[in-house]
Amino acid sequence: MKVLEMKGLTKKFGDFIAVDNVTLTVAEGEIFGFLGPNGAGKSTSIHMISGLLRSTFGQINILGKDIVKHRKFAKMNIGIVPQDLAIYEDLTVYENVKFFAGLYGLRGSRLKEQVAEALEFVGLSDKHNSYPINFSGGMKRRLNIACAIAHRPKLLIMDEPTVGIDPQTRNYILDSIKKLNKMGSTIIYTSHYMEEVEEICTRIAIVDHGKVIVEGTKEQLQAVVTDKKDIWIEVKSNKNIRAQEIEKIKGVESIQIDERVIKIHSDMDINNLNQIIQYFLSNEIEIRSVEEKSSNLENVFLTLTGRNLRD
Amino acid sequence: MNIVSIAIKEMKTSFRNPTTLFFALGLPVILILALGTIFLDSFKSTITIGDMKVLYMEQPNTPFSKEFQMFMNEASNSKVFFEKAENPEDSKKKVEQNSYDGYVELNKHGIYFYQNDNKTIGGNVIQGMLNTFVDQSNLANSAKVDQLVLMTMDMKDDYIKETTIYSNKQPRAIDYFSVSMTTMMILFGTANAIHLISEERKRNTADRLIVAPITKLEIFLGKIFGSVFINTFYFLVVIVISKYIFNANWGANLGVVIFVLITEVFLATSLGVIIGSITKSAKVANSVIQVVAIVTTIFSGTFYKMEDISGVFYLNPLNWVNEAILDLIYANDFSTATLAIVLNIVVSLLFLLVTITLLHRREGL
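Residues numbered from 1 in each chain as written. Chains lettered and ligands numbered in written order. Predicted model: local features only at pLDDT ≥ 70, side-chain atom pairs only at ≥ 80, totals over all residues. Heavy atoms only, no water.

Student: Is there a simple way to explain the domain arrangement of chain A in this structure?
Tutor: Interface size is often expressed as the accessible area that is lost when the parts come together. Residue and element names in this part refer to chain A. For chain A, the domain assignment lists domain 1 (2-222) and domain 2 (224-305). When each unit is reduced to the centre of its C-alpha atoms, the spacing between domain 1 and domain 2 is 37 Å. Residue-level contacts link 14 residues of domain 1 with 11 residues of domain 2. Between domain 1 and domain 2 lies a buried interface of about 1,000 Å² when both sides are counted; carbon and sulfur atoms form 75% of it. Looking at the side of domain 1 facing domain 2, the largest losses of area belong to Met194, Ile206 and Gln222, adding up to 45% of the total buried there. Counting across the interface, domain 1 meets domain 2 through 0 salt bridges. There are 0 residue pairs in polar contact (both at pLDDT 80 or more) connecting domain 1 and domain 2. (Domains from an automatic or database assignment. Contact = heavy atoms within 4.5 Å. Buried area = accessible area lost by both parts, 1.4 Å probe. Salt bridge = Lys/Arg side-chain N within 4 Å of Asp/Glu carboxyl O. Polar contact = N/O pair within 3.5 Å; in protein donor to acceptor, adjacent residues only side chain to side chain.)

Student: For this particular structure, what's the right way to read the confidence of the model for chain A?
Tutor: Low pLDDT means the predicted coordinates in that region are not meant to be read closely. Per-residue pLDDT for chain A averages 88, and the proportion of residues at 70 or more is 97%. By mean pLDDT, helix α11 (residues 297-305) of chain A is the weakest element of chain A at 74, and helix α3 (residues 93-102) of chain A is the strongest at 96. (pLDDT = per-residue confidence, 0-100. Helix = DSSP H or I, 4+ residues; strand = E, 2+ residues; numbered from the N terminus.)

Student: Looking at this structure, how should I read helix α8 (residues 195-202) of chain B?
Tutor: In an α-helix, one full turn covers 3.6 residues, which means residues spaced three or four apart are oriented alike. All names here are of chain B. By the burial criterion, the buried members of α8 are Leu196, Ile197, Ser198 and Glu200. For α8, the elements touching its buried residues are α1 (2-15), α7 (190-193), α9 (205-211), α10 (216-244) and α11 (254-278). In the stretch just after α8, Asn204 is the one whose phi turns positive, near 70°. (Buried < 20%, exposed > 50% of the residue type's maximum accessible area, 1.4 Å probe, protein only.)

Student: Any chance you could explain the sheet that holds strand β2 (residues 16-27) of chain A here in plain terms?
Tutor: The strands making up a sheet associate through hydrogen bonds between their backbones, and the pairing can be parallel or antiparallel. Residues and elements named next belong to chain A. The strand order across the open sheet formed by 4 strands is β2-β1-β4-β5, and the pairing between neighbours is antiparallel. Edge positions in the open sheet fall to β2 and β5 (65-66), since each of these has one partner strand only. Both strand β1 (residues 2-13) and β2 contribute to a ladder of 8 bridges, which runs antiparallel. For Leu9, the partnering residue across the bridge sits in β2 and is Val22. (Pairing = 2+ DSSP bridges.)

Student: What is the right way to look at the pattern of salt bridges in this model?
Tutor: For side chains of opposite charge, pairing can occur when their charged atoms come near one another. Following the criterion strictly, the structure yields 23 salt bridges over all chains and no others. Taking the shortest distance from any N to any O, the salt bridge between Glu117(A) and Arg152(A) comes out at 2.8 Å. Highlighted residues: Glu117(A) in helix α4 (residues 108-121) and Arg152(A) in the loop between α5 (137-149) and β7 (155-159), separated in sequence by 35 residues. Note that Glu199(A) and Lys178(A) form a salt bridge whose closest N and O atoms lie 3.3 Å from each other. Taken together, the residues span a long stretch of sequence, with Glu199(A) in helix α7 (residues 194-200) and Lys178(A) in helix α6 (residues 167-182) at a distance of 21 residues. The class of Glu199(A) is partly exposed, set by a relative accessible area of 43%. Here the salt bridges do not stand alone but share partners, grouping Lys9(B), Glu10(B), Glu200(B) and Lys223(B) into one network.

The structure is reproduced here in structure tokens:
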């Protein structure tokens with residue numbers, strides 16, 4: 001069953017086209033990844049699906065029903081975890097979840113039961129009478145999720161929920177998404193971190209400048225750039241490395257110099273590893289390790305758009 | 001039901017904010033006590049008046065002659081001495097020359113009291129005593145003779161006016177500031193109301209509210225009702241403290257006084273939301289509200305007693321509400337209260353209508 005259908009979705013802000021004729025479907029049980037750099041149109045699309053913004057053109061269906069004609073039905077079946085924390089710090093944990101769940105028509109024992117269930121899921125049952133103002137960032141993030149899932153939405157939208165958080169909380173959120181998915185939720189996950197999308201999403205759409213560049217499973221997307229490879233060389237210091245000289249080596253397409261790792265994007269068919277290593281040795285750059293990687297989503301994006309996801 | 005949930009949430013978040021609590025409860029109570037003490041002497045209405053002399057002339061067949069003789073004897077205990085006049089015209093002249101405080105003429109229709117407009121205190125005292133006499137006589141003889149009427153003759157303008165019973169009740173400083181600080185605190189609630197919607201945007205909860213299956217109107221009304229209820233609770237606490245701890249006089253029409261104040265809360269909330277919705281940022285909204293607060297407070301009887309509120313001064317909500325409440329407490333007069341209630345409600349509805357229209361046009365909250 002199609003949980004979400006976008007047909008020719010377009011959003012204009014004056015002359016600027018934020019989302020340009022996007023057509024996508026998300027089936028029941030999927031974790032659908034929206035991958036793209038900042039300003040690609042991910043959040044605008046999400047805002048239109050959740051009813052925060054009106055589309056300029058196009059149609060959105062939730063569970064087969066047009067969200068304009070069946071606004072209440074659509075909203076009843078959507079939960080959203082916004083990028084920024086959206087909780088009341090002067091309400092207790094329990095009051096926060098109860099308040100938002102109550103807006104979805106839950107009352108009485110059913111409301112209590114589902115609030116308790118959501119708090120249990122995010123591991124905040126023992127904190128239900130605490131005020132989130134005293135919480136760590138990670139605990140606030142968990143409460144943020146609980147507020148979105150207590151009414152048991154069919155479609156859960158998570159808009160860059162891992163931006164600016166510590167690795168532990170990030171892992172917790174990713175695990176939660178997998179668990180929620182196993183429990184039956186269909187999830188739309190937006191991010192500009194390709195590692196996260198690669199890890200959890202069953203299907204991915206890469207967006208840029210408001211358009212869907214490519215869409216499919218991780219394997220389908222990687223197949224787009226099977227003729228490329230990445231060579232990661234760990235060095236003691238990047239002092240004497242000149243990118244222009246490495247780029248002159250046959251097959252090398254681009255180079256990224258980090259503090260200790262040099263990432264070289266190269267043509268798969270050209271065997272240039274010896275020449276690259278020779279460059280490092282002749283310039284007395286100490287090599288710690290060399291690793292050849294097959295193409296990832298970062299490369300897919302780079303190949304299709306000519307720029308990095310985090311540019 | 002969603003409106004109730006939002007209203008309850010609004011009340012909880014307001015009540016748990018220490019700053020709001022201080023400004024809504026602590027500050028007015030402190031100001032009532034401080035100003036009530038500092039201005040204690042400014043509100044004293046006791047004035048020492050020396051002996052007062054009154055000329056009188058009685059026409060034959062005056063039905064209440066005997067009672068008036070008794071009244072004159074009693075009046076001498078209050079240092080008001082009556083002397084029999086020889087000639088009406090000569091008596092009036094003596095009053096005009098300040099030799100006497102008044103001239104009273106009695107006939108079968110009632111009492112004519114001539115007073116010199118330059119000596120208003122003495123004249124008012126005598127007039128008040130005559131009023132009391134007339135009232136008591138009317139009560140005692142209502143079934144036997146026609147009602148007595150007291151006619152006051154103003155010597156200066158030479159016209160006759162029928163007097164009404166004059167209330168000698170005046171507010172003490174604590175009474176006055178209990179009213180004015182309460183109304184000021186309510187109007188300053190506007191400062192909180194400007195953030196009713198923008199606060200949701202600041203907390204990022206606006207998006208959660210919009211994606212929920214409720215309408216913008218439900219969100220808006222829930223917030224308005226929540227704000228009105230919690231601010232009503234705050235001023236009720238201030239009234240209880242001032243009435244039962246400071247012994248302030250809130251009069252015999254407390255129910256109507258409270259209703260007037262509720263409509264003021266409604267007005268303050270509506271004013272806040274309209275300022276919040278037409279200004280582009282919270283900073284601008286705060287600046288606007290500061291100007292409104294300063295202007296309304298300066299040109300009102302909040303920190304001093306305004307004897308005459310008329311003309312452009314009546315356009316100040318603090319003035320129309322203060323006057324309405326003081327009239328209810330001290331003159332048992334409902335007319336200014338009715339006007340204040342109508343003004344508060346009409347202006348509030350107008351503000352809300354504009355805000356709802358603006359909100360409807362906007363994407364998101």
